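Summary of structural features
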Amino acid sequence: MVYSGGPAIPTPTGTLRAIPLGGLGEFGMNMMAFEYNDHLLVVDTGVMFPDAELLGVDIVIPDIAYLRENRERVRAILLTHGHEDHIGALPYVLDEIDAPVYGTPFTLALARAKLVEHGLAEVVELREMHPGKPFEVGPFQVEFIHLTHSIIESGALALTTPLGTVIHTGDFKFDPTPMDQHVSDLHRLAEYGRAGVLALFSDSTNVERPGMTPSERGVRERFEEIMAEAKGRVLISCFATSLRRLQLVADLAHEYGRRLCFVGRAMFQNTEIAQQMGRLKIPPGLLVQPQDIKKLPRNQVTVVLTGSQGEPMAALSRVAVNSHKWISLEPGDDMVISARVIPGNEKSIFRMIDHLYRRGARVHYADGSQPPVHVSGHGSAEELKLMLNLIRPKYFVPIHGEYRQLYRHTAMAKELAAVSGEILLLESGDVLEFDGQGARRRDRVPVGRVCIDVGTLDEVEEVILKERRHISEDGIVVPILAINKHTGQLEIRPEIVSRGFVPLEEAHELVASARDVILRTIEKSNLEEVGDWGVIKEKIRSALRRHFDQETGKRPMVLPVILEV
Ligand SMILES: [Zn+2]
Ligand SMILES: [Zn+2]
């Protein structure tokens, strides 16, 4: 049965508010509040990955000023699935907000690992939710509905209040042949649709793509092809949360007589968790430690590693510039990048692919060739239409997307006859209120981005204001280097300029030792690393920060500038 909030209430007097706190009109950082009278639920607490513009920042989380102000009304945090753009900010939110966290077992396992790192595991209550097992949080009936996505145990949330039901889709695609046979629960969506849904909040990520997103099964064909033809090592980079893909790689490695090695912290941690939970099954004796790979013939090795987005310090970037401790690529090896190019990362990814080709590897990436090395976890246009047609909501609000994607999703909905009431384009901070009379926009609430420096686990800067404060407290240091791209040599002695840090004109020793740190960092890097300014800047930045922290106890913002000569 569909919950309608208990015995029928003739004219509901309550107010239901939907408040996107992140992820609408921007990429990532998904977070939304639903309030019925005095009861507030948070759906997802995601991060956004900083792009090159946000130098010196590790992750970006939504500003939670609104939740902070309404702290005592927060009844629960509900997680749709375990991707970083949905759970990454959880520890930072729970640092200030006291509420139980609901998620599927796998999502909670990933969340727990984060809480452990932040010393919050003991104080936060994690509660499992399961498809077909609705539960109550205050006046809300909450039901988790399984939908397919690129991570297991992902789904939509149906939140039923005396005013009606709202459905938040999370991220989804309608994969008719998922690798684990666990298809989306279309029946449950249709049942809600038939009973009547007040509002649908639906994923817009792939609205610009026509047709249907191919099944995850499509990847198998290409991977088999690559494995069958491979003469050397096979390296595969994908997201550490893509368990079905990791299972596929493990199965194929086993089939083709290769040992399997996981490289990179997130890859190692997630596959451990998944194996413990029985969600990733690896035949005994298949796994090999990274340090033992050298001992194996090249055609008996498969390596799965992190860094598909070209993150300068991740395993794949290190392999690409030949500076990884244990893993190297040689001519004749195969390198598979089985992930999408997250907007903003294009430059670093293609620069990394260039390096991989320089190593002599055959590089396979999502270049449009078929069968694909990667398929998206998000539904394309026809799937989004199907969602609208199944739910037939009174109100429709597109979520998870930049403005153009949200716009395109509203335009699509207008072409269908699926929405009986209004189609609304909201951005983060907008407030949509429902009551017995209808729906209307209310005054906006504060939203924004907060940048987190993982090194200190502190919230150090909000893009402009907090950045200024950070600089005003610890100052800014700008090392200026002139590097010859061809020789990898410094052309002149590095200059160091600072503001608001210690007066460098007087701190001769500090300047000299900082120069030494720069010189040592460059000496310890190989030519390709020095030639790749994304990599070398990051190495100099982290080395200098560590140095200044040790020497002065301050953590100035370090912004290396490299002059091309
Ligand atoms: Zn996702
Ligand atoms: Zn997402």
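Since we're looking at a predicted model, the values are computed, not measured.

What follows covers the overall build of the protein. A count of helices and strands for the protein gives 16 helices and 26 strands. Taking 2.2 N^0.38 as the reference for a compact globule, 565 residues should give roughly 24 Å; the C-alpha atoms of the protein span a radius of gyration of 25 Å, in line with that estimate. Counting only C-alpha atoms and orienting by the principal axes, one finds that the protein spans roughly 80 × 60 × 45 Å. Counting only residues that meet the buried cut, the protein has 57% of its 565 residues in that class. Here the contacts in the protein between residues at least 6 apart in sequence split such that 72% fall between residues at least 24 apart.

For the pair helix α5 (residues 186–195) and helix α11 (residues 381–391), the least separation of the axes is 7 Å and the interaxial angle reads 45°. As the angle between them shows, α5 and α11 are arranged oblique. Judged by residue contacts, Leu186, Leu189, Ala190 and Gly193 of α5 engage Met387, Leu390 and Ile391 from α11. Within the contact of α5 with α11, the residues separate by chemical class into 6 nonpolar, 1 polar and no charged.

Moving on to the coordination of the zinc ion (ligand 1). Looking at the metal site, the zinc ion (ligand 1) is ligated by His81 (NE2), His83 (ND1), His149 (NE2) and Asp171 (OD), spaced 2.1 to 2.3 Å from it. Each of the 4 donor atoms around the zinc ion (ligand 1) contributes to a set of angles spanning 89 to 163°, which defines the coordination as irregular. Read in sequence order, the donor residues coordinating the zinc ion (ligand 1) give the pattern H-x1-H-x65-H-x21-D. Separating the zinc ion (ligand 1) from the zinc ion (ligand 2) is a gap of 3.4 Å, which Asp171 spans by donating to each of them. You can see His83 sitting in the loop between β5 (74–78) and α2 (84–87) and its partner His149 sitting in the loop between β9 (140–146) and β10 (155–161), a full 66 residues away along the chain. For the pair His83 and His149, a shared accessibility class is recorded, and that class is buried.

To continue, consider the packing of aromatic side chains. Taken as a whole and assessed by the stated rule, the structure comprises 6 aromatic pairs. Relative to Phe135, the ring of Tyr102 has its centre 4.6 Å away and its plane inclined at 10°; by these criteria the two rings are stacked. Taken as a pair, Tyr102 in strand β6 (residues 101–103) and Phe135 in strand β8 (residues 135–137) lie far apart in primary sequence, 33 residues in all. Here Tyr102 and Phe135 have matching classes, each one buried. An angle of 65° between the planes, with centres 4.9 Å apart, marks the rings of Phe501 and Phe548 as edge-to-face.

With that settled, the discussion passes to the coordination of the zinc ion (ligand 2). Taken together, Asp85 (OD), His86 (NE2) and Asp171 (OD) make up the full set of protein donors to the zinc ion (ligand 2), lying 2.1 to 2.2 Å away. Sequence positions of the donors to the zinc ion (ligand 2) reduce to the motif D-H-x84-D.

Ordered by their spatial adjacency, 6 strands build an open sheet running β8-β9-β10-β11-β12-β18, and the pairing between neighbours is mixed. The open sheet is flanked by β8 and β18 (395–399), the only strands paired with a single partner. Averaged over all neighbouring strand pairs, the angle between strand axes comes to 20°, with direction disregarded. Strand direction decides the pairing type here: β10 and strand β11 (residues 164–168), joined by 5 bridges, are antiparallel. Paired with Leu159 across the bridge in β11 is Val166.

Moving on, we come to the pairing of strand β12 (residues 199–203). Taking burial as the measure, the 5 residues of β12 include 5 buried ones, the bulk of the element. By the bridge criterion, 3 bridges tie β11 to β12 in an arrangement that is parallel. Its bridge partner being in β12, Val166 is matched across the sheet by Ala199. Here 5 bridges tie β12 to β18, and the two strands are oriented parallel to one another. Residue pairing for β18: Phe201 is matched across the bridge by Val397.

Mapped onto the secondary structure, Asp354 falls in helix α10 (residues 346–358). Looking at Asp354, the relative accessible area reads 42%, which means it is partly exposed. As a C-alpha pair, Asp354 and Asp63 span 291 residues in sequence and 37 Å in three-dimensional space.

With that settled, consider the pattern of salt bridges. Going through the model one piece at a time under the given rule, you end up with 33 salt bridges. Across the salt bridge formed by Glu528 and Arg359, the nearest N and O atoms sit 2.7 Å from each other. In this pair, Glu528 sits in helix α15 (residues 527–531) while Arg359 sits in the loop between α10 and β17 (362–364), placing the two residues 169 residues apart along the sequence. Within this structure, Arg17, Glu35, Arg73, Glu433, Asp435, Arg440 and Arg442 form a network of salt bridges that share partners.

Relative to the assigned elements, Glu538 resides in helix α16 (residues 533–552). A polar atom in the side chain of Glu538 sits 3.2 Å from the side chain of Arg541.

Read across the sheet, 8 strands follow the order β7-β6-β5-β3-β2-β1-β19-β20 without closing on themselves; strand pairing throughout is mixed. Every interior strand has two partners, whereas the edge strands, β7 (126–128) and β20 (438–442), have only one. The sheet shows a mean angle of 25° between the axes of neighbouring strands, direction not considered. Sheet topology note: the strand β2 (residues 31–36)/strand β3 (residues 39–45) ladder contains 6 bridges and is antiparallel. Counterpart to Ala33 in the pairing with β3 is Val42.

This brings us to the nonpolar core. Counting residues in hydrophobic clusters, the biggest one holds 66 residues, and the most contacted among them are Leu67, Ile77 and Phe223. Tallying contributions element by element places helix α4 (residues 105–117) first for this core, with 7 residues. Not counting chain neighbours up to four residues away, the residues in contact with Phe223 comprise Ile236, Arg245, Leu248, Val249, Leu252, Val336, Ser338 and Val373.

Conventions adopted
- Residues numbered from 1 in each chain as written.
- Chains lettered and ligands numbered in written order.
- Predicted model: local features only at pLDDT ≥ 70, side-chain atom pairs only at ≥ 80, totals over all residues.
- Heavy atoms only, no water.
- Helix = DSSP H or I, 4+ residues; strand = E, 2+ residues; numbered from the N terminus.
- Rg over C-alpha atoms; globule rule 2.2 N^0.38 Å.
- Buried < 20%, exposed > 50% of the residue type's maximum accessible area, 1.4 Å probe, protein only.
- Contact = heavy atoms within 4.5 Å.
- Axes fitted to C-alpha atoms, helices over the stretch in contact; angles between N-to-C directions.
- Parallel < 35°, antiparallel > 145°, perpendicular 65-115°, else oblique.
- Nonpolar A, V, L, I, M, F, W, Y, C, P; charged D, E, K, R; others polar.
- Donors = N, O, S within 2.8 Å, 3.2 Å for Na, K, Ca; no water.
- Tetrahedral: all angles 85-135°; square planar, octahedral: opposite > 155°, others 65-115°.
- Phe/Tyr/Trp six-rings, centres within 6.5 Å; stacked < 30°, edge-to-face > 60°.
- Pairing = 2+ DSSP bridges.
- Salt bridge = Lys/Arg side-chain N within 4 Å of Asp/Glu carboxyl O.
- Polar contact = N/O pair within 3.5 Å; in protein donor to acceptor, adjacent residues only side chain to side chain.
- Core = buried A, V, L, I, M, F, W, Y, C linked by side-chain atoms within 4.5 Å.

Honestly, it's all geometry; don't read function into it.
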